[in-house]
Amino acid sequence: MPQIHGQNIVACIWDFDKTLIPGYMQSPLFDHYGVDPDLFWKEVNQLPDLYSSRGQKVSPDTIYLNHLLSYVKNGLMRGLTNQKLMELGSELEFCKGLPTFFKELAEIAYEKEFKSNDFKVEHYIISTGLAQMIKGSAVYDYVEDVFACEFIESPVPPNFMSQSELSLPIDLEISQVGMTVDNTIKTRFIFEINKGSNKNESIDVNTSIPHEDRRVPFEQMIYVADGPSDVPVFAVIKQMGGKAYAVYDSNNEKEFEQTCDLVERSRVHNNGPADYEKSSPTAIWMRQKVREIMRQMVKKRQDQLEERSSSPPRHISVEKQEGLSAPTKQDTLWK
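Now for a description of the structure that goes with this document. Predicted model, so just to flag it, every value in this text is computed and none were measured.

1. A short note on the overall build of the protein chain
When its secondary structure is counted, the protein chain shows 10 helices and 7 strands. Here the contacts in the protein chain between residues at least 6 apart in sequence split such that 66% fall between residues at least 24 apart. Just so you have it, the protein chain exposes about 19000 Å², and 48% of that area is on carbon and sulfur atoms.

Written out as structure tokens, the structure is:
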């Protein structure tokens, strides 16, 4: 029975903030509206306890989305739209070597060793940040898919199904949260990439699919992120046979210690600076792992070919025995 997918893809899966960019993506947003980022994040950090005192539970990873909407509603970020978020995303500055490094990794599939195998490197971003800012950034052209938080500008009204035409407000603004991605939900999108449900809507992420029919096997995945908050994804990737790598700011000793701790506790395979220039340890490690995975893919194909194919027919020798004449053509047997 033929496979549903060719399993010819290496998936490089990336966190965003402090992994691909030095800081947090909201910085251009705060600069544009003159918002003090330190004050904003200080407020966000206090919100879980504040709402808890009211008997309400919130997600610490994504409550900042609601606080952004509060800033919009109260006029501090008046007129903020998804289009504006994309425009601000174009201002994001990336770590050294990006986005060129994404292209360099993709080109490994065309090296002499692999080019006859129709292999492909795909890049994915899974982030608790803002999808529209990522889509507006310089790296987006090199990315296969983005899984991140999204806003709705014009929520539909009650009884909308009975209305023939839905009117839009004159002044658009983001007003509701459409998609939330926290550090635990990130694992769901790993399984979407694995099963191919992000490419085929008919495949539900909860559907049981045999390993050999999944679009990107876990052992063909590499996950790169910046630290302890990504432990849930690190654990899934590593447990399932993929590669996990933690990056740090080379000027931040605390971040270095955190990623070293992840290595020592076997949460990740290795760590290195968030620097993707050709000679950096991180770039070297990534190139080596992509090639290592592709070599395993070649071996897997060879093993499958040998398993599914029979040996070609050959002559069976018939030894001349005492009292018997040498075999004629008619005596030749075929396997």
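After presenting the structure, the write-up continues.
2. Focus on the nonpolar core
One finds Trp-14, Phe-16, Met-77, Leu-130, Tyr-276 and Met-294 to be the most contacted residues of the largest nonpolar core, which totals 87 residues. Here this core takes 8 residues from helix α10 (residues 281-308), the largest share from any one element. Residue contacts for Leu-130: discarding those within four places in its chain leaves Met-25, Gln-26, Tyr-64, Leu-65, Leu-68, Leu-85, Ala-148, Cys-149 and Phe-151.

3. Re the sheet that holds strand β2 (residues 120-130)
An order of β4-β3-β2-β1-β5-β6-β7 is seen for the 7 strands of this open sheet, with the pairing classed as mixed. The open sheet terminates on both sides in strands that have one partner only, identified here as β4 (176-179) and β7 (270-273). The sheet shows a mean angle of 25° between the axes of neighbouring strands, taken without regard to direction.

4. Structural notes on the pattern of salt bridges
Overall, the coordinates contain 17 salt bridges when judged by the stated rule. Between Lys-96 and Asp-275 there is a salt bridge, and its shortest N-O distance comes to 3.7 Å. Remark: Asp-275 occurs in the loop between β7 and α10 and Lys-96 occurs in the loop between α4 (82-89) and α5 (100-106); sequence separation between them is 179 residues. A relative accessible area of 15% means that Asp-275 is categorised as buried.

5. Comments concerning the packing of aromatic side chains
Enumeration over the complete set of coordinates arrives at 15 aromatic pairs. Seen from their ring centres, Trp-41 and Tyr-64 are 5.7 Å apart, and the 50° between their planes marks the pair as tilted. Of this pair, Trp-41 sits in helix α2 (residues 37-53) while Tyr-64 sits in helix α3 (residues 63-73), and the two are 23 residues apart along the sequence. Residue Trp-41 is classed as partly exposed on the basis of its relative accessible area of 24%. With a relative accessible area of 4%, Tyr-64 lands in the buried category. Members of the aromatic cluster, connected to one another through ring pairs, are Tyr-24, Phe-30, Phe-40, Trp-41, Tyr-64 and Tyr-71.

Criteria and cut-off values
- Residues numbered from 1 in each chain as written.
- Predicted model: local features only at pLDDT ≥ 70, side-chain atom pairs only at ≥ 80, totals over all residues.
- Heavy atoms only, no water.
- Helix = DSSP H or I, 4+ residues; strand = E, 2+ residues; numbered from the N terminus.
- Contact = heavy atoms within 4.5 Å.
- Areas by Shrake-Rupley, 256 points an atom, 1.4 Å probe, with all protein chains shown as cover.
- Core = buried A, V, L, I, M, F, W, Y, C linked by side-chain atoms within 4.5 Å.
- Buried < 20%, exposed > 50% of the residue type's maximum accessible area, 1.4 Å probe, protein only.
- Pairing = 2+ DSSP bridges.
- Axes fitted to C-alpha atoms, helices over the stretch in contact; angles between N-to-C directions.
- Salt bridge = Lys/Arg side-chain N within 4 Å of Asp/Glu carboxyl O.
- Phe/Tyr/Trp six-rings, centres within 6.5 Å; stacked < 30°, edge-to-face > 60°.

That is the geometry; function is a separate question.
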